[in-house]
Amino acid sequence: TDDDMFSDVFCEKSKKLINVHLFALAAKYYSLSNLGVCTPLQDVLEALRGDNQGTTGIKTDEFMNNKKSHEVQVLSELVNNIANYCGIKQVIDIGSGKGYLSSFLSMQYNLKVYGIDSSNTNTDGAHERNRKLKKHWKAYQSRARTDVESQRFEKANDRPVQSEINCKAIDEKPLNKTSSLQCQDQATIQDVVPRDFTEIATSETSKQTEVDLGADERKLSEEVLTILSVLPADAVEDLSLSQCNCGELCEEEKAQRKMASLKAKASKSSESNLYFPLTSCITAETELGDIITDLEDCVMVGLHTCGDLAANTLRIFTAKPEIKAVCSVGCCYHLLSEQFENQEDCPDKVWGFPMCQYLKDKGWCCGRNARMSACLALERVAVGQMLPTESLFYRAVLQVIIEEIYGVTKSDRHVGKIFSKSSSFVDYVRKSLKKLELDDSKLPDSCIMDYYEKYKHRMNELEAFNMLKVVLAPCIEVLILLDRLCYLKEQDNIAWSGLVKLFDPVKSPRCYAVIALKKQSCF
């Protein structure tokens, strides 16, 4: 059994670690990547798309840092595919922060996005950032459009014009041996994808002895526009309207083109602001209809939702009929509230952990230290991005000072990121004491340095201890993520749910998403 396999990791009597190598093997064995419970991202995308292949869009690294660009590019493509699969256009971005994901979803994929964040500062910043981004967006799109056009014209002579591409039903490949995204009577591709994506007008040029060059040019332009139709309407100028000779058109054609032009202008006006940053604190009891007045069928998404917000996102999803799908990437596990951590008698309180009934029945508790460990990034350490040993050492010695000099063992206040702003250990201690509202006047510099010298020789021990925590981190994250997945599996209205690795863990350590779609009867 598994227990027998790793029974020699700890001493049976003292419970101390005696086999570091076996400890590391056990941690790897119980990591999410080794358990085989994740669904590959590519499998999910293929099942969502059916025959409608993905498209190349704007590169986010032009206006985001490398980490954020990677996250937004991957997650936005997934969310767009989920929205198309469900046939909906509204997205709610929970914990939207500075609005990077929301802006990109609205501008690149023409989705109507409500970004909700508890911070007014973030919401105001998102407004301003979105305004500036819009100014440069057409330039980004123009560059991408030029690339697509050149590729399209290069391929035009390499293959025959297709007479017809038939719409096919979605190929519902099972995501595992027993489940698929939806039941077998799911709508065909026509129901979720615009006709322009799957059908190109027929041509009779092969029967003609005299080629109408003007007609061929217009046809080619229309095929280019079919490719470009994945971009927002206000980014695409209808080439067929601007290039043809209107004097040669019949009155009926003129009327049709005029109507198309008016529709394009109306669409451009209505879609000029598809991202709406809102300020609100989201809890499990939040009524979205009170925040979003035109709430309709939608996808709920959260990119690195902190602490309990990730758990509450899933609870809202299961409770609200309008939310047809959810994609949640959590973070900040140390901020989770735990039902069995302090044995508090709060029967009506909604806790961040555990969520599933199985762990509730077990009375399972992780504890803050374990949850802090779950936030560490093993993959980054593995590629040489070492832990900040000196800052961790500063923090450890500070805690000894606070306990021995001030008698404080627990505080609701936090030191925060003081290390990078400190010129020395003495400066670090004094800044920290002020943040904790403790009187530092009774603590001379010499006393502070005495503590530093007393523990300096144990810095290597601290580094080794933290490396063990890093190795164990994935196992604790597994417990938290599987708890959320099991919670979804316990619900009656869920058609499919799974864990999906979205991001490169070196770029973005919190890389797993909890994804779920409701049953078709709930649509």
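Reading the values: the criteria
For every chain, the first residue of the written sequence is number 1, and numbering continues from 1 along that sequence. Per-residue local features are limited, in this predicted model, to residues with pLDDT of at least 70; the limit for side-chain atom pairs, both in listing and counting, is 80 or more; totals at the level of whole chains, interfaces and linings are taken over all residues. With hydrogens and water excluded, all non-hydrogen atoms of the structure serve as input to the side-chain values. Helix and strand definitions follow DSSP, with helices as H or I runs of at least four residues and strands as E runs of at least two, each counted in order from the N terminus. Note on classification: 1.4 Å probe, protein chains only; a residue is buried when its accessible area is under 20% of the maximum for its type, exposed when over 50%, partly exposed between these limits. The term polar contact refers here to a pair of N or O atoms within 3.5 Å; inside protein, the definition further demands a hydrogen-donor-capable atom paired with an acceptor-capable atom, and it admits residues adjacent in sequence only when both atoms are side-chain atoms. Any pair of residues with heavy atoms lying within 4.5 Å of one another is described as a contacting pair. One less than the number of residues in a helix, times 1.5 Å, gives the span that helix is expected to have. One bridge is not enough; two strands pair if DSSP finds at least two bridges between them. Simply put, an axis is a line fit to the C-alpha atoms, just over the touching stretch for a helix, and the angle between two N-to-C directions goes from 0 to 180 degrees. In this scheme, roughly parallel covers angles under 35 degrees and roughly antiparallel covers those over 145, while 65 to 115 is roughly perpendicular and the rest are oblique. Amino acid classes used here: Ala, Val, Leu, Ile, Met, Phe, Trp, Tyr, Cys and Pro are nonpolar; Asp, Glu, Lys and Arg are charged; the rest, including Gly, are polar.

The name given to the chain in an unreviewed UniProt entry is MET25 protein, with the source organism recorded as Podilymbus podiceps.

Draft legend 1. Geometry of the side chain of Gln90. Position of Gln90 relative to the elements: it lies in strand S1 (residues 90–94). Look at Gln90 and you get buried, because its relative accessible area is 0%. Of note is the side chain of Gln90, whose polar atom sits 3.2 Å from the backbone oxygen of Asp294. What Gln90 contacts, discounting residues up to four positions off in sequence, is Lys112, Tyr114, Asp294, Leu295, Glu296, Asp297, Cys298 and Val299.

Draft legend 2. Structural detail: helix H14 (residues 308–319). Between its first and last C-alpha atoms H14 spans 16 Å; for twelve residues at 1.5 Å apiece the expected length is 16 Å, and the two agree. Counting buried residues in H14 gives eleven out of twelve residues, a clear majority hidden from the surface. Three or more residues of H14 are buried, namely Asp308, Leu309, Ala310, Ala311, Asn312, Thr313, Leu314, Arg315, Ile316, Phe317 and Thr318.

Draft legend 3. Here's a closer look at the sheet that holds strand S3 (residues 275–279). Read across the open sheet, the seven strands follow the order S3-S2-S1-S4-S5-S7-S6; overall the sheet is mixed. Unpaired on one side and paired on the other, S3 and strand S6 (494–501) mark the two borders of the sheet. Mean inter-strand twist for the sheet, computed between neighbouring axes without regard to direction, equals 15 degrees. In terms of strand pairing, strand S2 (residues 112–117) meets S3 through five bridges, oriented parallel. The partner of Tyr114 across the bridge, within S3, is Phe276. Together, S1, S2, S3 and strand S4 (298–306) form the strand contacts of helix H6 (residues 100–109), whose direction differs from that of S2 by roughly 170 degrees.

Draft legend 4. Expanded view of the packing of helix H19 (residues 425–435) against helix H20 (residues 445–455). Two numbers describe how H19 lies on H20: the axes approach to 9 Å, and their chain directions differ by 110 degrees. On the basis of their axis angle, the class for H19 and H20 is roughly perpendicular. Where H19 approaches H20, its residues Phe425, Val426, Val429 and Arg430 are matched on the opposing element by Asp445, Ile448, Met449 and Tyr452. Its residues assigned to classes, the contact of H19 with H20 comprises six nonpolar, no polar and two charged.

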